[in-house]
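Residue strings, one per chain:
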Amino acid sequence: MHIISTVAELRQRLKKQKSIAFVPTMGNLHAGHIHLVELARQHGQCVVVSIFVNPLQFGAHEDLASYPRTLEADLAKLKLAGADIVFTPNEHEIYPVPQTLTVEPPAIANELCGASRPDHFRGVATVALKLFNMVQPQVAVFGKKDFQQLFIIRELVRQLNLPIEIIAGETVREPDGLAMSSRNGYLNPLQRMEAQRLHRALQQVVKAVESGQRDFSALESQAVQHLIQHGWVVDYISVRSATSLAPATLDDHDLVVLGAARQGQTRLIDSLECCAAT
Ligand code: PAF
């Protein structure tokens with residue numbers, strides 16, 4: 001496994017590779033990331049993983065400074081998982097000049113997570129395009145937990161004609177159902193016990209939708225109320241079309257239930273796909 005921190009060396013190393021599968025990450029790797037690396041293994045001969053905590057996607061009062069940085073442990077996990085190249089650039093390598101040119105994501109970027117994290121998806125789309133240009137993969141793998149991010153990356157690739165196939169990895173969960181996330185490490189033991197309720201609340205909505213309930217906003221409000229009663233601060237619970245991410249209508253069949261809520265200072269997100277009962 002090669003650990004590379006400059007774009008020049010990365011390009012040199014990848015020059016002759018015709019089958020690159022890429023997993024962009026911000027490090028602090030857990031089983032969810034390793035699943036993405038394994039998927040990448042199935043889709044490319046050379047697996048490249050990037051580790052870069054991207055300042056452009058953090059708001060002024062967010063957790064950029066405290067975001068967990070665990071490079072040594074990450075490298076050990078990636079070696080075991082069979083990554084070929086780990087790209088670990090510093091901030092200057094990715095942003096040698098002020099990034100005055102950014103990718104304007106589609107309007108959906110202002111909804112859901114974007115409503116409380118303005119500019120977040122501009123930062124994600126911009127760094128994703130830059131990393132795609134640096135690595136030039138044939139395949140890139142993203143997790144479904146960040147369903148809105150996955151959607152925006154697919155739009156980036158589609159609308160900017162990038163020759164990259166996007167593969168989606170299933171969410172990997174703790175035994176109690178909590179979606180694995182680097183931010184779970186911020187939770188104290190009580191919050192950690194409570195955290196699985198977000199997943200359970202989404203499951204309740206899925207169950208109702210699959211059993212034929214169609215008053216989506218009532219289901220959303222019930223889930224929000226339930227979480228508030230248990231001390232959560234809820235950003236949103238939303239039933240959406242899985243194909244357009246627009247609010248679900250009676251005509252939609254493939255749906256996704258998305259949620260974001262806070263336990264103390266820690267903001268957790270999750271999503272579950274489901275099919276409307278016919
Ligand atoms: O999902 C993440 O870890 C990040 O948003 C990504 C895609 C690596 C871009 O910084």
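From a predicted model like this one, the values you see are computed outputs, not experimental measurements. (Residues numbered from 1 in each chain as written. Predicted model: local features only at pLDDT ≥ 70, side-chain atom pairs only at ≥ 80, totals over all residues. Heavy atoms only, no water.)

Bringing the sheet that holds strand 2 (residues 20-25) into the picture now. Each strand in a sheet pairs with another by means of backbone hydrogen bonds, the pair being arranged parallel or else antiparallel. Strand order in this open sheet of six strands is 1-4-3-2-5-6, and the pairing throughout is parallel. Every interior strand has two partners, whereas the edge strands, strand 1 (2-4) and strand 6 (165-169), have only one. Neighbour-to-neighbour, the strand axes of the sheet open up by a mean angle of 25°, direction not taken into account. Where strand 2 lies against strand 5 (residues 139-143), two bridges are found, and the strand directions are parallel. Bridged to Ala-21 within strand 5 is Val-139. Docked against the sheet, helix 6 (residues 120-135) engages strand 2, strand 3 (46-51), strand 4 (85-87), strand 5 and strand 6, running at close to 145° with respect to strand 2. (Pairing = 2+ DSSP bridges. Helix = DSSP H or I, 4+ residues; strand = E, 2+ residues; numbered from the N terminus. Axes fitted to C-alpha atoms, helices over the stretch in contact; angles between N-to-C directions. Contact = heavy atoms within 4.5 Å.)

Throughout the structure, instances matching the rule amount to 15 salt bridges. Residue Asp-63 is joined to Arg-183 by a salt bridge in which the shortest nitrogen-to-oxygen separation is 2.8 Å. Of this pair, Asp-63 sits in the loop between strand 3 and helix 3 (71-81) while Arg-183 sits in the loop between strand 6 and helix 8 (189-210); the two residues are 120 residues apart in sequence, bridging distant segments of the chain. Accessibility assignment for this pair places Asp-63 and Arg-183 in one class, buried. A salt bridge links Asp-270 to Arg-173; the shortest N-O distance between them is 2.8 Å. One end of the pair, Asp-270, is in strand 9 (residues 266-275); the other, Arg-173, is in the loop between strand 6 and helix 8, and 97 residues separate them in sequence. Of the residues examined, Asp-270 reaches a relative accessible area of 3% and is grouped as buried. Through salt bridges with shared partners, one network takes in Glu-104, Asp-119 and Arg-122. (Salt bridge = Lys/Arg side-chain N within 4 Å of Asp/Glu carboxyl O. Buried < 20%, exposed > 50% of the residue type's maximum accessible area, 1.4 Å probe, protein only.)

What follows concerns the sheet that holds strand 9. The sheet built from three strands is open, its strands ordered 7-8-9 with antiparallel pairing. Whereas interior strands pair on both sides, the edge strands pair on one side only; in this sheet they are strand 7 (233-241) and strand 9. Looking at each pair of strands side by side, their axes are set apart by 10° on average, direction ignored. In this structure, strand 8 (residues 254-263) lies alongside strand 9, joined through 10 bridges in antiparallel fashion. Of the residues in strand 9, the one forming a bridge with Leu-255 is Cys-274. On the sheet, helix 8 packs against strand 7, strand 8 and strand 9 and is oriented at approximately 25° with respect to strand 9.

Here the focus is the packing of helix 1 (residues 7-14) against helix 6. Packing of helix 1 against helix 6 leaves a shortest axis separation of 9 Å and a crossing angle of 50°. As summarised for this structure, helix 1 and helix 6 are arranged oblique, according to the angle between their axes. Note on element contacts: helix 6 touches helix 1 through Asn-133, Met-134 and Val-135, opposite Val-7, Leu-10, Arg-11 and Leu-14. For the contact of helix 1 with helix 6, the class distribution of residues is five nonpolar, one polar and one charged. (Parallel < 35°, antiparallel > 145°, perpendicular 65-115°, else oblique. Nonpolar A, V, L, I, M, F, W, Y, C, P; charged D, E, K, R; others polar.)

A few words on the packing of helix 2 (residues 31-43) against helix 3. Viewed as axis vectors pointing N to C, helix 2 and helix 3 meet at an angle of 35°, and their least axial separation amounts to 10 Å. In this structure, helix 2 meets helix 3 at a crossing whose hand is right-handed. Contact residues: helix 2 offers Ile-34, Val-37 and Arg-41, while helix 3 offers Lys-77, Leu-78 and Ala-81. Considered class by class, the residues forming the contact of helix 2 with helix 3 number four nonpolar, no polar and two charged. (Left-handed = near helix turned anticlockwise from the far one by under 90°.)

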